[in-house]
Amino acid sequence: MRREQTLADRITGSAVWRSVVRHGYPDTQRNQALIIASNVFLHIHPVKIKRYATKVTYTFCLGGLSFFMFLVLTMTGVLLMFYYVPSADLAYQSMKDIESSVTFGQLMRNMHRWSAQGMVIAVFLHMCRVFYTGSYKPPREFNWVIGVLLLVVTFLLSFTGYLLPWDQLALWAVTVGTNIGGAAPFVGEQVNMVLRGDFEIGQSALIRFYTLHVIFLPLAAAFLMAVHFWRIRKDGGISGPL
Amino acid sequence: MAEIAQQTPGGQGFTPIDEAKRQRLLELVRGRAMARPTDLAEDEVMVWPSLVVVEAVSAAVFLLILTVLSVMVNAPLTARANPNQTPNPSKAPWYFLNLQELLLHMNAGVAGVIIPTVALVGIAAIPYIDRSPLGVGILGTSAKGRRIIGFTFVYTTVVIVGMILLNEQSGRTVFGLAGFLQENLNTPELINYQILPVLIIVFWIGVLMALVQRLYRPTRREMVIALFTGFVAAFVVLTISGTSFRGEGQDLTWPWNLPLEHH
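No experiment lies behind these values; they were computed from the predicted model shown.

**Let's talk about the overall build of chain B**
Across its full length, chain B carries nine helices and one strand. Each helix (α) and strand (β) of chain B, taken in turn from the N terminus, gives the series α-α-β-α-α-α-α-α-α-α. A burial count over chain B gives 35% of its 263 residues as buried. Of the contacts formed within chain B by residues at least 6 apart in sequence, a portion of 64% connects residues at least 24 apart.

**A look at the overall build of chain A**
Helix and strand content of chain A: eleven helices and one strand. Listed by position from the N terminus, the elements making up chain A come as α-α-α-β-α-α-α-α-α-α-α-α. Here the C-alpha radius of gyration of chain A, 23 Å, is well above what a compact globule of 242 residues would show, namely 18 Å. The principal-axis extent of the C-alpha atoms belonging to chain A is close to 80 × 50 × 25 Å. A buried classification covers 49% of the 242 residues belonging to chain A.

**Examining the pattern of salt bridges**
Under the definition given, this model contains ten salt bridges over all chains. Between E141(A) and R131(B) there is a salt bridge, and its shortest N-O distance comes to 3.1 Å. Here E141(A) is found in helix α8 (residues 141-163), whereas its partner R131(B) is found in the loop between α5 (108-129) and α6 (143-169) on a different chain. On the basis of relative accessibility, which here comes to 13%, the residue E141(A) falls in the buried class. For R131(B), a relative accessible area of 42% corresponds to the partly exposed category. Its salt-bridge partner being E222(B), residue K144(B) comes within 3.5 Å of it at the nearest N-O pair. Here K144(B), found in helix α6, pairs with E222(B), found in helix α9 (residues 220-244); they are 78 residues apart in sequence, far enough to count as distant.

**A short note on the packing of α5(B) against α9(B)**
The packing of two helices is summarised by the inter-axis angle and the distance between the axes. Residues and elements named next belong to chain B. Two elements in contact, α5 and α9, have axes whose closest approach is 11 Å; the angle formed by their N-to-C orientations is 160°. Looking at the two axes, α5 sits roughly antiparallel to α9. Where α5 crosses over α9, the two elements pack in a sense that is left-handed. Of the residues in α9, those touching α5 at A119, I123, I126 and I129 are R220, V224, F228 and F231. Of the residues belonging to the contact of α5 with α9, the class tally is seven nonpolar, no polar and one charged.

**A closer look at the packing of aromatic side chains**
A complete count under the given rule lists 25 aromatic pairs over all chains for this structure. Taking the centre distance of 6.5 Å and the plane angle of 50° together, the rings of F131(A) and W144(A) count as tilted. Residue F131(A) is found in helix α7 (residues 105-132), and its partner W144(A) is found in helix α8; the two are separated by 13 residues along the sequence. For F131(A), a relative accessible area of 0% gives the class buried. Since its relative accessible area comes to 6%, W144(A) is described here as buried. The interplanar angle of 45° and the centroid separation of 6.2 Å between the aromatic rings of F228(B) and F231(B) together place this pair among those described as tilted.

**Notes on the environment of G237(A)**
Residue and element names in this part refer to chain A. Tracing the backbone through its elements, the reader meets G237 in the segment after α11 (203-234). Sequence spacing of G237 and P46 is 191 residues, and the spatial spacing of their C-alpha atoms is 8.7 Å. Look past the residues within four positions of G237 in its chain and what remains in contact with it is R140 and I232.

**Points about the interface of chain B and chain A**
The interface is formed by 83 residues belonging to chain B together with 80 residues belonging to chain A. Broken down residue by residue, the surface that chain B buries against chain A is led by M46(B), W48(B) and L77(B), which jointly contribute 10%. Counting the contacts that link chain B with chain A gives three salt bridges. For the salt bridge of K137(A) with D130(B), the shortest nitrogen-to-oxygen distance reads 3.0 Å. One can count 37 residue pairs in polar contact (both at pLDDT 80 or more) joining chain B with chain A. Taken together, the elements giving at least two residues each to the side of chain B that touches chain A come down to α2 (39-42), β1 (44-46), α3 (47-72), α4 (97-103), α5 and α9 of chain B. Per element, the largest residue contribution to the side of chain B that touches chain A is 17 residues, and it comes from α3(B).

**With respect to the nonpolar core**
In this structure, Y84(A), F131(A), W144(A), L163(A), W166(A), I126(B) and F228(B) are the most contacted members of the largest nonpolar core, which totals 83 residues. Among the elements that take part in this core, α7(A) stands out by supplying 14 residues, more than any other. The residues contacting F228(B), other than those within four sequence positions of it, are M127(A), C128(A), F131(A), Y132(A), W144(A), I123(B) and I126(B).

**Quick word on the state of the cysteines**
Taken as a whole and assessed by the stated rule, the structure comprises zero disulfides over all chains. No disulfide involves C61(A); its sulfur sits 17 Å from the nearest other cysteine sulfur, which is in C128(A).

**Here's the deal with α6(B)**
Because the α-helix completes a turn every 3.6 residues, residues three or four places apart line up on one side. Residue and element names in this part refer to chain B. With 27 residues, α6 should reach 39 Å at 1.5 Å per residue; the first-to-last C-alpha distance of 39 Å fits that figure. Every buried residue belonging to α6 is among G145, I148, T152, Y155, T156, V159, I160, I164, N167 and E168, and all of these are buried. For α6, the elements touching its buried residues are α4, α8 (189-216) and α9. Two residues or fewer past α6, G171 is found with a positive phi of approximately 70°.

Conventions we followed
- Residues numbered from 1 in each chain as written.
- Chains lettered and ligands numbered in written order.
- Predicted model: local features only at pLDDT ≥ 70, side-chain atom pairs only at ≥ 80, totals over all residues.
- Heavy atoms only, no water.
- Helix = DSSP H or I, 4+ residues; strand = E, 2+ residues; numbered from the N terminus.
- Buried < 20%, exposed > 50% of the residue type's maximum accessible area, 1.4 Å probe, protein only.
- Contact = heavy atoms within 4.5 Å.
- Rg over C-alpha atoms; globule rule 2.2 N^0.38 Å.
- Salt bridge = Lys/Arg side-chain N within 4 Å of Asp/Glu carboxyl O.
- Axes fitted to C-alpha atoms, helices over the stretch in contact; angles between N-to-C directions.
- Parallel < 35°, antiparallel > 145°, perpendicular 65-115°, else oblique.
- Left-handed = near helix turned anticlockwise from the far one by under 90°.
- Nonpolar A, V, L, I, M, F, W, Y, C, P; charged D, E, K, R; others polar.
- Phe/Tyr/Trp six-rings, centres within 6.5 Å; stacked < 30°, edge-to-face > 60°.
- Buried area = accessible area lost by both parts, 1.4 Å probe.
- Polar contact = N/O pair within 3.5 Å; in protein donor to acceptor, adjacent residues only side chain to side chain.
- Core = buried A, V, L, I, M, F, W, Y, C linked by side-chain atoms within 4.5 Å.
- Disulfide = S-S within 2.5 Å.
- Expected span 1.5 Å × (residues − 1).

Quick look at the structure:
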């Protein structure tokens, strides 16, 4: 007896649907393989992995959470950029506007702030997990080095974002922070000048931190993450007992 | 096993088994043979759905937690930036407060730049120092490795808390040694606040390595575990000290006496 065509069948059988999704429902191994291989976002994964690599108590999802928070930060960050003005005169007022008159502005800002703190913690804990499971050992040496660079970029992303609210907390935290950098032997003054663009934190520092925060460092992080994720696969997937 | 032992070769009805010479299975010993069954490496699952489900669920759970947190707790926004009004204490973001804590005890260049640079380069160099495949995939490598983690954490915490308290007592003069050297030998700042603190840090790292060597007879991997754990413990202890125990003038105080402006 032939089954009656449901609405779902009509949709998934239509020319439009089939032009987008080139495989059937993933309930066979063939379609499960195709869905991973033919989707640009999913093809970061191989089609099959070792069973132990799916164990939550091995990775605690920390690397994935770091990436997830990077995505949340990118999305909320773009929304905040619609309203934030990187000018020493207007920045603080635009923060006030985001908090009081932008729909969901306060929520977006809170999510951005808390996931930024969360990302620093997750990246650090991820490093600890990778270390304590010995996952840096050959052939994964270089990916560990990339990971250390990503830790540094994460610190810098958080630090450059710290100045943007242009409140007392921001100004003085960054003053202390850049003073630490300025204490570098031999090149301290130059480092400080490059960071601040002036003798004290002002408009030039704000625009530098803003540009680093919204363009340069996220691109650097994305670039390093691409290498990091690619190398996981090339080095044989995530580590496991030999 | 017993059946195998009882089997007679060729089935030609040879002499019955001599009970005294009979081999028995006493126990099974976990071997370290070169050719081990490759179950773990062969045991594969489809990424869709096995891994994708884990990712989707953890992303959803975490997004929920983050959203609830963001609805309930507002990000701090203090008064407008004012270069003429320095808050006391002024603090860096929390993840740099470990460096700010170090800064109280020695030269700023050493505490703020040289030590973190050496630490980061050292961490990046770990895979080129410890290359043996020993213990991959096992948290802490071995029971001994896990004991070393615990020991190092306690050791580092005690040493750092002790040093902070002692140096605070001496008015942050490298336990009074800096003043003593300067008065008696007229030593320059380079020795008092740069070389001397570094030597003290190197000394405590040396003591840690000697203790771990004596107590545990570690492999190279386990020694690296001790050093890395020392770094993590130092990072944590110094960060807690910097965030929660430094009040006005960066003097030691209790967390509940701190001004509320810092996040």
